Amino acid sequence: MTEQAPAIELKGISKAFGPVQANKDISIRVMPGTIHGIIGENGAGKSTLMSILYGFYKADRGEIFISGRKTEIPDSQAAIAAGIGMVFQHFKLVENFTVVENVILGAEDGAMLRPSISKARKSLKSLAEEYELNVDPDALIEHLSVGHQQRVEILKALYRQADILILDEPTGVLTPAEADHLFRILDNLRAEGKTIILITHKLREIMEITDTVSVMRRGEMTATVKTAETSPEELAELMVGRKVLLRVDKKPATPGDVVLSVDDLKVTDDKGVHRVKGVSFEIRKGEILGIAGVAGNGQSELMEVLGGIAQGTGTITMNGRTIALAGRDSDGQARRRAGIAHVPEDRQREGLIMDYGAWENVVFGYHLDPKWQSGFLMRNTAIVEEAQGKMERFDVRPPNPKLAAKNFSGGNQQKIVLAREIEQNPDLLLVGQPTRGVDIGAIEFIHQEIIRLRDQGAAVLLVSVELDEIMALSDRIAVMFDGRIMGFRDPAETNERELGLLMAGIEGEVDGDEWQAIDRQLERKEAEEAREAGDA
Amino acid sequence: MDFATLLQVLDSTIRLGTPLLFACLAGLFSERAGIFDIGLEGKMLMSAFFSAAIAFTTGSVWIGLLAGIASSMVLSAIHGLASITFRGNQLISGVAINFLAAGMTVLIAQDWFSQGGRTPSLVGNARFEPVTLPGAEALRDVPLLGPIYYEVISGHTILVYLAFLCVPATWWVLFRTRFGLRLRAVGENPAAVDTAGVSVVGLRYAAVAICGLLCGFAGAYLSTALQAGFVKDMSAGRGYIALAALIFAKWRPWYALFSTMLFGFLQALALRPDLIERAIGVKVQVQLLDAMPYILTVVILAGFVGKAIPPRAGGQPYVKER
């Protein structure tokens, strides 16, 4: 056993994109039948490294050995032939194809489809039994939940006889229960002798499932250790290069008067699908209400209506005054006048104009303020000065107001948006996915700023798919599933398991197998959505 | 409208619908693969000219047809190069092709034949002649079905029958073969195709080539079957109407047959204003009838006829993400 060749061995891999050195002289050995974690911050080069292994990019230097044999991987075809399968963070599925069509795409047996499809159907059935990977082979991808779509990606790899499976941030889109199920599948695969590389930035997952873990920082492999011999604190330090506070420090909340009250809010999207199905809640001064839920359960639409981007029906009052949900007075400007500031979930599309400079971005939305314009001309000098100040106070790096937004890292982009919104001293801050794509170091800072605003007496509505974040920041937690609020919980009196079940739409205790109940629930939701889409 | 006139109108419907059908299926292959092609018009026109010109010089319509197809495929290759290899804007490339064809055909025609931008009239073997289907004469007197078979179905050129055969063939290729699966996938999510180890570029070039081939047939039909020779701008917006028909058909082959025949029917009616007048009792301007296909196109494009969802990756060049 000790003399076994590693399933994958990379030697001295380097890759540069222009002046950016994404991978610097990386060497790694992954033993067969193990789960090997690769952890690192955004932009540390994890995905680049795996894309090289999957033939998406060609390394500038370095060698790849598969099972001890030197292998050239010029394209994905070669990677598949070498027994490598990859589950990308953003799934590579054809949405209006069925599961079985997606599985055979590129791995058909002949020029005619029919024999390939019936063969794939059989093999999907046996794979499902072997690894608990149940999906309806004839369902359309667009009708499946993200968790099931991910299973299709895994099935695709297994159908191509992959022995090595690479998963890139696989749990980002899953409920905790779905993630648990995924880990069970990975366990089964490991037991069958498959080799798994798990890329993630979540320390908890690394500790839970991997055998060994490699840490990447700024394109370099800084350490490879046995998981059993390390701790989350040590890994975080290796990732960031300094000691990091993994917990958020905050005083207990002292809620005051009601700031925002939402009653029976409903939102229908442009496809006619009901996204929010009657939601009611209140937020008080000095309180953070966290909305937990898997992406796509109506949180985004809720935020959009509150932020004046989308329209809905129901009653919303802000500081006792009703605000419009449709028509001319329901736009973002009206919301800002009412004292609502909005940090949108998708900062690159809705929070910033990526080609504009940081200085322009720090006044967008507030550019009609006489401070920044004089009726016809913008007061550019004043704006640049303001930007300079904001960038200093929020530690935006580099502190250059003229640099276009797209040239900042994710964390610094988010700080620009936060600086703009928080410094308006809003009565209510809507903040969606505040730390998505943000480095651990910056997460700490962003969390502190949100809490500081709360302590100044603002109400905060936080939407995040990161359960850890919701639990760390919120004073009260609402869980959304399928457009409804499943319930409110006190973060001090709940736990991840309870929230996870609520996120899957299950209230109370479950008899028997927990994830089977979750599976049933998801299937029910899928069927309903498929029907609604059919009606529309 | 009596039975005989109805048959006449249906007969013209088929004749006028055929070039639309070829062009519509051409667009279907291209757009299903994610390459929008506004240059159907230019390709048809180019093929119409070269078919007629070469048929005239060689005296053989078949050589003319080949030349037409070749010229259309050259334009397709240019579109492919611009939009697949160089990832340019597909609309701009298509518009450029239309201008190129409009100008070049007249210029070359004038240079070769000096007849004011036309080709000389085609006669004999330089034209596609109508084919009488077996038994058409014999069955002519069978009530109802006989005249339909003789007047409407029989008596078209071979290209008409080819166009109709292309419909089931297209359906079969798209939905029953490996090539079709991949082609549809590349128009929906090229990244899925790429990560499955199949060449996105190769598939898209194949689709664009098929588009060129079918446009070649459409153009050749115009100048060597429907008419006897090339005249300036003879495609007369058919490429655009075919695109509208494609949206109407929701990018499906059988629907494409119906939508192009509907447009063909409207064009056939425009040829017989007297019929309309007799039917509704009001004299309708010929110009208005001529405009009907275009008006319907506007209505369709404005989205009044249900929601048509185009291939999701349509119009976007494929770039591997970083």
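Everything numeric in this text was worked out from a predicted model, so none of it was measured.

### Some points on the overall build of chain B
- A tally of regular secondary structure across chain B gives 14 helices and 0 strands.
- Going residue by residue from the N terminus, the α and β elements of chain B occur as α-α-α-α-α-α-α-α-α-α-α-α-α-α.
- By its C-alpha atoms, chain B is 70 × 50 × 40 Å across when sized along the principal axes.
- Within the span of chain B, comprising 322 residues, buried residues form 53% of the whole.
- Pairs at least 24 apart in sequence give 78% of the contacts found in chain B among residues at least 6 apart.
- Both charge centroids of chain B, one from 23 positive and one from 17 negative side chains, sit 11 Å from each other.

### What about helix 1 (residues 3-32) of chain B?
Residues and elements named next belong to chain B.
- Maximal helix bending in helix 1 amounts to about 35°, located at Gly 17; proline Pro 19 follows within four positions.
- In terms of burial, helix 1 is largely enclosed, as 24 of its 30 residues are buried.
- In this structure Asp 2 caps helix 1, since a side-chain oxygen of it lies 3.0 Å from the backbone nitrogen of Ala 4.
- Where helix 1 ends, the next residue or the one after it, Gly 34, has phi of about 90°, a positive value.

### What to know about the UniProt feature "domain: ABC transporter" (unreviewed entry) in chain A
- Here, the residues flagged by UniProt with the feature "domain: ABC transporter" (unreviewed entry) are residues 8-243 and 260-507 of chain A.
- Helix makes up 36% of residues 8-243 of chain A and strand 27%. Its end C-alpha atoms lie 32 Å apart.

### Structural notes on the side chain of Gln 414 of chain A
All names here are of chain A.
- When you line up the elements, Gln 414 lands in helix 14 (residues 410-422).
- A distance of 3.1 Å separates a polar atom in the side chain of Gln 414 from a polar atom in the side chain of Arg 347.
- A polar side-chain atom of Gln 414 sits 2.7 Å from the main-chain carbonyl oxygen of Pro 434.
- When neighbours within four sequence positions are excluded, Gln 414 is seen to be in contact with Val 343, Arg 347, Gly 432, Gln 433, Pro 434, Thr 435, Val 438 and Ile 446.

### Quick word on the environment of Arg 397 of chain A
Residues and elements named next belong to chain A.
- Within the secondary structure layout, Arg 397 lies in the loop between helix 13 (380-393) and helix 14.
- On the basis of relative accessibility, which here comes to 53%, the residue Arg 397 falls in the exposed class.
- If sequence neighbours within four positions are ignored, Arg 397 has contacts with Phe 408 and Asn 412.
- A polar contact is formed between the side chain of Arg 397 and the side chain of Asp 395, at a distance of 3.2 Å.

### Re the sheet that holds strand 7 (residues 164-168) of chain A
Residues and elements named next belong to chain A.
- Read from one edge of the open sheet, 6 strands run 6-7-8-3-9-10, paired in mixed fashion. The open sheet has two free edges, formed respectively by strand 6 (84-87) and strand 10 (220-226), since each of these has just one partner strand. On average, each strand axis in the sheet is tilted by 20° relative to the strand beside it, whichever way the strands run.
- Where strand 7 meets strand 8 (residues 195-200), 5 bridges bridge the pair, whose relative direction is parallel. Paired with Asp 168 across the bridge in strand 8 is Ile 199.
- Strands strand 6 and strand 7 of the sheet are contacted by helix 5 (residues 146-159), whose axis makes an angle of about 170° with strand 6.
- The sheet strands contacting helix 8 (residues 232-240) are strand 3 (35-40), strand 9 (212-217) and strand 10, and the helix crosses strand 9 at an angle near 30°.

### Remarks on the packing of aromatic side chains
- Going through the model one piece at a time under the given rule, you end up with 15 aromatic pairs over all chains.
- Of the aromatic side chains, those joined through ring pairs into one cluster are Phe 49, Phe 50, Phe 56, Trp 112, Phe 113 and Phe 230 of chain B.
- Above the plane of the ring of Tyr 366 of chain A lies Arg 336 of chain A, whose end atom (NZ or CZ) is 5.5 Å from the centre.
- For the cation-ring pair, Lys 402 of chain A lies above Trp 359 of chain A, with the distance from its terminal atom to the ring centre recorded as 4.6 Å.

### A look at unusual backbone geometry
All names here are of chain A.
- Residue Pro 398 is bonded to the preceding Arg 397 through a cis peptide linkage, with omega at -5°.
- One can find Pro 398 in the loop between helix 13 and helix 14.
- The phi angle at Asp 264 is positive, at roughly 50°, despite the residue not being glycine.
- Assignment of secondary structure puts Asp 264 in strand 11 (residues 258-268).
- Relative accessible area serves as the criterion here: at 36%, Asp 264 is assigned to the partly exposed category.

### A closer look at the pairing of strand 7 of chain A
All names here are of chain A.
- Strand 7 sits mainly inside the fold: 5 of its 5 residues count as buried.
- Residue alternation in strand 7 divides its side chains into two sets, Ile 164, Ile 166 and Asp 168 and Leu 165 and Leu 167, and both sets are buried.
- When strand 6 meets strand 7, the two strands line up parallel, connected through 4 bridges. For Ile 84, the partnering residue across the bridge sits in strand 7 and is Ile 164.

### A closer look at the pairing of strand 11 of chain A
Residue and element names in this part refer to chain A.
- Pairing of strand 11 with strand 12 (residues 274-284) involves 8 bridges; the strand directions are antiparallel. Each bridged residue has a counterpart across the sheet, and for Leu 260 the counterpart in strand 12 is Ile 283.
- Where strand 11 hands over to strand 12, the hairpin turn is made up of 5 residues, of which Gly 272 adopts a positive phi near 85°.
- Relative to strand 14 (residues 313-318), strand 11 runs antiparallel, the two sharing 5 bridges. Along strand 14, the bridge assignment pairs Asp 263 with Thr 315.

### Here we look at the interface of chain A and chain B
- The partner chain B presents 24 residues to the 28 residues of chain A that form the contact.
- Buried surface at the junction of chain A and chain B, summed over both partners, amounts to about 2,400 Å²; 55% is from carbon and sulfur atoms.
- Interface area lost by chain A to chain B is led by Phe 56, Lys 92 and Leu 113 of chain A, which between them contribute 24%.
- Where chain A packs against chain B, one counts 4 salt bridges.
- The shortest N-O distance in the salt bridge between Arg 182 of chain B and Glu 108 of chain A comes to 2.5 Å.
- Summed over the shared surface of chain A and chain B, the number is 8 residue pairs in polar contact (both at pLDDT 80 or more).
- The set of elements that each furnish at least two residues to the side of chain A that touches chain B consists of helix 2 (76-81), helix 3 (99-104) and helix 4 (113-131) of chain A.
- It is helix 2 of chain A that provides the largest number of residues to the side of chain A that touches chain B, a total of 3 residues.

Analysis parameters
- Residues numbered from 1 in each chain as written.
- Chains lettered and ligands numbered in written order.
- Predicted model: local features only at pLDDT ≥ 70, side-chain atom pairs only at ≥ 80, totals over all residues.
- Heavy atoms only, no water.
- Helix = DSSP H or I, 4+ residues; strand = E, 2+ residues; numbered from the N terminus.
- Buried < 20%, exposed > 50% of the residue type's maximum accessible area, 1.4 Å probe, protein only.
- Contact = heavy atoms within 4.5 Å.
- Lys, Arg positive; Asp, Glu negative; His and termini not counted.
- Charge placed at Lys NZ, Arg CZ, Asp CG, Glu CD.
- Bend = angle between axes of the 7 residues up to and from the residue.
- Polar contact = N/O pair within 3.5 Å; in protein donor to acceptor, adjacent residues only side chain to side chain.
- UniProt positions renumbered as here; feature names shortened; annotations may be inferred.
- Pairing = 2+ DSSP bridges.
- Axes fitted to C-alpha atoms, helices over the stretch in contact; angles between N-to-C directions.
- Phe/Tyr/Trp six-rings, centres within 6.5 Å; stacked < 30°, edge-to-face > 60°.
- Lys NZ or Arg CZ within 6 Å of the ring centre and 35° of its normal.
- Buried area = accessible area lost by both parts, 1.4 Å probe.
- Salt bridge = Lys/Arg side-chain N within 4 Å of Asp/Glu carboxyl O.

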